[in-house]
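Okay, here's what each chain looks like letter by letter:
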Amino acid sequence: MNDIAIRVAEIGKRYRIGKAEKYKTLRDTLASAFTAPFRKVGSLLQGEVTDDTGLDEHIWALKDIAFEVRRGEVIGVIGGNGAGKSTLLKILSRITEPTTGFAEIHGRVGSLLEVGTGFHQELTGRENTYLNGAILGMNKKEIDRKFDEIVAFSEVEKFIDTPVKHYSSGMYLRLAFAVAAHLEPEILIVDEVLAVGDAGFQQKCLGKMGSVAKEGRTVLFVSHNMGAITQLCGTAVQLEKGRLKRIGPAAEVVNSYLSAVVGAELKSSWSDESSKSNGSDVRFRSARLLSTDEQPLSITTFNESLRVEIAYEVKVPIRNLSVTCLLYDSMNNLVFESMDTDMPEWNGQVREPDIYRATTQIPPFLLRPGRYHLSFAAFVEGVRVIEHLQRVLTFDVSGVGYTLQPKRDGIVSPVLDWKVCRFSENGQMV
Amino acid sequence: MESNTQVIRIEPSKGWVALQLHELWAYRELLYFLIWRDVMVRYKQTALGAAWAIIQPLFTMLVFSLFFGRLGKIPSDGIPYPIFAYVALVPWTFFSQGLSQASNSLVGSANLIKKVYFPRLCVPIAAVTSGLIDFALAFMVLLGMMLYYGILPGGKVIWLPVLLLLTIITSLGVSLWLSALNVRFRDVRHIVPFLTQIWLFATPIAYPSSLLSEPWRTLYSINPMVGVVEGFRWALLGAETAPGPMVMVSFLAALAILASGLFYFRRLEKTFADVV
């Protein structure tokens, strides 16, 4: 029992969703308009917080959630929008109460559902550091002790006595995260804080999260970033429509979650009615990413190659048609561009009307861990762009297999083949 | 080490819940920081700054002196009318400012309430108590006026802290009700200015409560601000109104408002994050 950090038992949370009152007679409506304030005051004094009686509909944002987190475990929570992830975090952070069930938390808990909670625009960086620290649960002595460290981490030393309303958004975020990063609870509950800021900032957050996890603290981490989940978490919980769908080793849960949403997220396809491609001579039909064993995916690892597949329909014969694939990183840098006519034997033949499928491989040991977007375009070199689809596919490259130490700068991070020979002083090879 | 690990149990609460004031104590540092924030922020980016704490009661006093004192010839228990009104306006301003700050405090801290756990009581308490700075400034002016009129407070002045406590209890009690209600019903925002205006005239600020005869006078002090105002006049200016019974009644009324406000607040607290 002693090694349990968080125990969640049959937790459920019900929300009321207001439902429009059924139309009655005008007299009823008028009557209720007159009596409503009195009924409201009446029910209010009884401590009821319902709206008009009996007309509400309920939804269960969470139902029958039960799991345990062992001390020192780093557990990820995943699921689509509306799966109940945030509600679960809010209950575990004691922001809102469950409707049924209970949870036990063994140890000092710190929750981080947002960075910079309670920052006040008019106060200086120094003042906000203390205020925010207190809000996150640190006491003054603790903040005093860590203050210099926090400021150094945030890199805003020069502006620490300037009101934060004059900060750039980057400085603001760095300071906010610096305070949060110095919270030292036994159990840390974190929501998608990594979703904000630029890639460098996200990398810094991930690094900090990783070191927190290594220190043996218990972490419960919610994210949409599957790369981060597989990288940081040993175990993952998948929620779906408020229910616990799966719990197990992170890699397995992430894989099954991703394969379940293949149609929705891993593949983009465009129907005939889609206005995007209508009326043009080339119509994109679908695009997807595949692993080496033909599994659709939206996350890959640094050390695996990735197949890009795109299908398009040519409606009239076109000479010199190229379909190009543009890869952008999360900061919108164009990483590279590659065309389906990049073969030496291509000589600008006519593409007859038909459906074509173009596939290629992005080699492993090239794309640094992070998030990428693919855009596609069909064009005739030097003549016209026929079709252009932006940010059609999104995928993550996880840090698995990324062993370069220290981390390398640059848009790509290829592992190149090096040969090192040694020469003696007189120019003779040894 | 295992033995001192605290266990938090999270479960649905039913009906009226315990006040858990010890938890408020555990979060006293946060409370301190919130008060400090409210004080720091109150007059940021205003041209006159903290002078506002004095301008409000001072100008109200001038208007009252002109219309009620000079033109209306309202009696003032043998005390010069300007200081008669001002001594009442000092605690009154604390009360009405506290109400307007606190009733909006929870809604104004919505982002905090939705993202972090802490006893929500901290928020209205901070909003009310941060007004003590303004009170102190306005009180300085009162001391100046007493010098000017040559009024020296007698030994009765030792009761002043008790009367200040009564003012705080009253402000806090009403603020707890209003702030909790405001989370659910934003009507409160419209009620507060109206409420304080009526309350102003239901309190003997522009007139003395000696206009009423007993037992109505004592009954009148069910409005706790009656006890506050009469108490202030008696303790500081030596008004011969013997307000003992009135202050007692006001104290009981104020404690009732505070206690009911605390329970009501705690009862609604669990819904704040979902509703605000």
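Residues numbered from 1 in each chain as written. Chains lettered and ligands numbered in written order. Predicted model: local features only at pLDDT ≥ 70, side-chain atom pairs only at ≥ 80, totals over all residues.

Caption draft 1: Here's a closer look at the domain arrangement of chain A. Residues and elements named next belong to chain A. Domain annotation for chain A reports domain 1 (23-55), domain 2 (61-262) and domain 3 (274-398). Between the C-alpha centres of domain 2 and domain 3 the distance comes to 36 Å. Across the contact, 11 residues belong to domain 2 and 12 residues belong to domain 3. Tallied by class, the residues present in the side of domain 2 that touches domain 3 amount to five nonpolar, five polar and one charged. (Domains from an automatic or database assignment. Contact = placed C-beta atoms within 7 Å. Nonpolar A, V, L, I, M, F, W, Y, C, P; charged D, E, K, R; others polar.)

Caption draft 2: Local environment of the packing of helix α4 (residues 81-103) of chain B against helix α9 (residues 160-184) of chain B. Residues and elements named next belong to chain B. Two elements in contact, α4 and α9, have axes whose closest approach is 8 Å; the angle formed by their N-to-C orientations is 20 degrees. Relative to α9, α4 is oriented roughly parallel. Helix-helix and strand crossings are classified by hand; for α4 and α9 the assignment is right-handed. Only T167, T170, S171, V174, S175, L178, S179 and N182 of α9 make contact with α4, whose side of the interface consists of P91, F94, F95, G98, L99, A102 and S103. Of the residues in the contact of α4 with α9, the class split is seven nonpolar, eight polar and no charged. (Axes fitted to C-alpha atoms, helices over the stretch in contact; angles between N-to-C directions. Helix = DSSP H or I, 4+ residues; strand = E, 2+ residues; numbered from the N terminus. Parallel < 35°, antiparallel > 145°, perpendicular 65-115°, else oblique. Left-handed = near helix turned anticlockwise from the far one by under 90°.)

Caption draft 3: Geometry of the interface of chain A and chain B. Across the contact, 37 residues belong to chain A and 31 residues belong to chain B. Of all elements in the fold, only α2 (85-92), β4 (100-106) and α3 (125-136) of chain A reach the threshold of two or more residues within the side of chain A that touches chain B. When its residues are assigned to classes, the side of chain A that touches chain B shows 16 nonpolar, 12 polar and nine charged. Inspection of the sheet shows β4 of chain A paired to strand β1 (residues 7-10) of chain B by four bridges, in the antiparallel sense. If you follow H106 of chain A over to β1 of chain B, its bridge partner there is V7 of chain B. (Pairing = 2+ DSSP bridges.)

Caption draft 4: Structural view of helix α4 (residues 140-154) of chain A. All names here are of chain A. If you look at α4, its biggest bend is around 55 degrees, right at K146. For α4, the complete set of buried residues consists of I143, K146, I150 and S154. Summarising the contacts, the buried residues of α4 are in contact with α3 and α5 (169-181). At the C-terminal side of α4, E155 shows a positive phi close to 60 degrees. (Bend = angle between axes of the 7 residues up to and from the residue. Buried ≥ 20, exposed ≤ 12 C-beta atoms within 10 Å, placed from the backbone.)

Caption draft 5: Local environment of the sheet that holds strand β20 (residues 384-398) of chain A. Residue and element names in this part refer to chain A. What the five strands build is an open sheet, ordered β12-β20-β19-β15-β16; its pairing is mixed. The two strands at the open ends of the sheet, each matched to only one other strand, are β12 (299-301) and β16 (334-339). Strand-to-strand twist of the sheet, defined as the mean angle between neighbouring strand axes without regard to direction, takes the value 30 degrees. Where strand β15 (residues 321-329) meets β16, five bridges bridge the pair, whose relative direction is antiparallel. Paired with Y328 across the two strands is L334, which belongs to β16.

Caption draft 6: Representation of the nonpolar core. Residues F221 of chain A together with A85 and V87 of chain B are the most contacted members of the largest nonpolar core, which totals 177 residues. Apart from the residues within four sequence positions on either side, A85 of chain B is in contact with M61, F64, S65, I205 and A206 of chain B. (Core = buried A, V, L, I, M, F, W, Y, C linked by C-beta atoms within 7 Å.)

Caption draft 7: Molecular detail of the environment of I78 of chain A. Residues and elements named next belong to chain A. Along the chain, the position of I78 falls in strand β3 (residues 74-78). I78 sits in the buried class, given 26 other C-beta atoms within 10 Å. Those residues within four positions of I78 in sequence are excluded, and the remaining contacts are I229, A236, Q238, V253, V254 and Y257.

Caption draft 8: The arrangement of the sheet that holds strand β6 (residues 187-191) of chain A in detail. All names here are of chain A. Overall, mixed pairing links the six strands, which are arranged β5-β6-β7-β3-β8-β9 in an open sheet. Two strands lie at the open edges of the sheet, namely β5 (109-112) and β9 (243-249), each paired on one side alone. Strand-to-strand twist of the sheet, defined as the mean angle between neighbouring strand axes without regard to direction, takes the value 15 degrees. Judged from the four bridges that link them, β3 and strand β8 (residues 235-240) form a sheet pairing that is parallel. Within β8, the position partnered with G76 by the bridge is A236.

Caption draft 9: Highlighting the pairing of strand β7 (residues 218-222) of chain A. All names here are of chain A. In terms of burial, β7 is a largely internal element, five of the five residues being buried. Side chains T218, L220 and V222 project from β7 onto one buried face, and the interleaved V219 and F221 project onto a second face that is buried too. With four bridges connecting them, β3 and β7 associate as parallel partners. Within β7, the residue paired with I75 across the bridge is L220. Of the pairings in the sheet, the one linking β6 to β7 comprises five bridges and is parallel in character. Bridge pairing in β7 places V190 opposite F221.

Caption draft 10: Expanded view of the pairing of strand β13 (residues 306-314) of chain A. Residue and element names in this part refer to chain A. Covered by surrounding structure in β13 are L306, V308, I310, Y312 and V314 only, the residues R307, E309, A311 and E313 on the alternate face being uncovered. In this structure, β13 lies alongside strand β18 (residues 354-362), joined through nine bridges in antiparallel fashion. What sits directly across from R307, in β18, is Q361.

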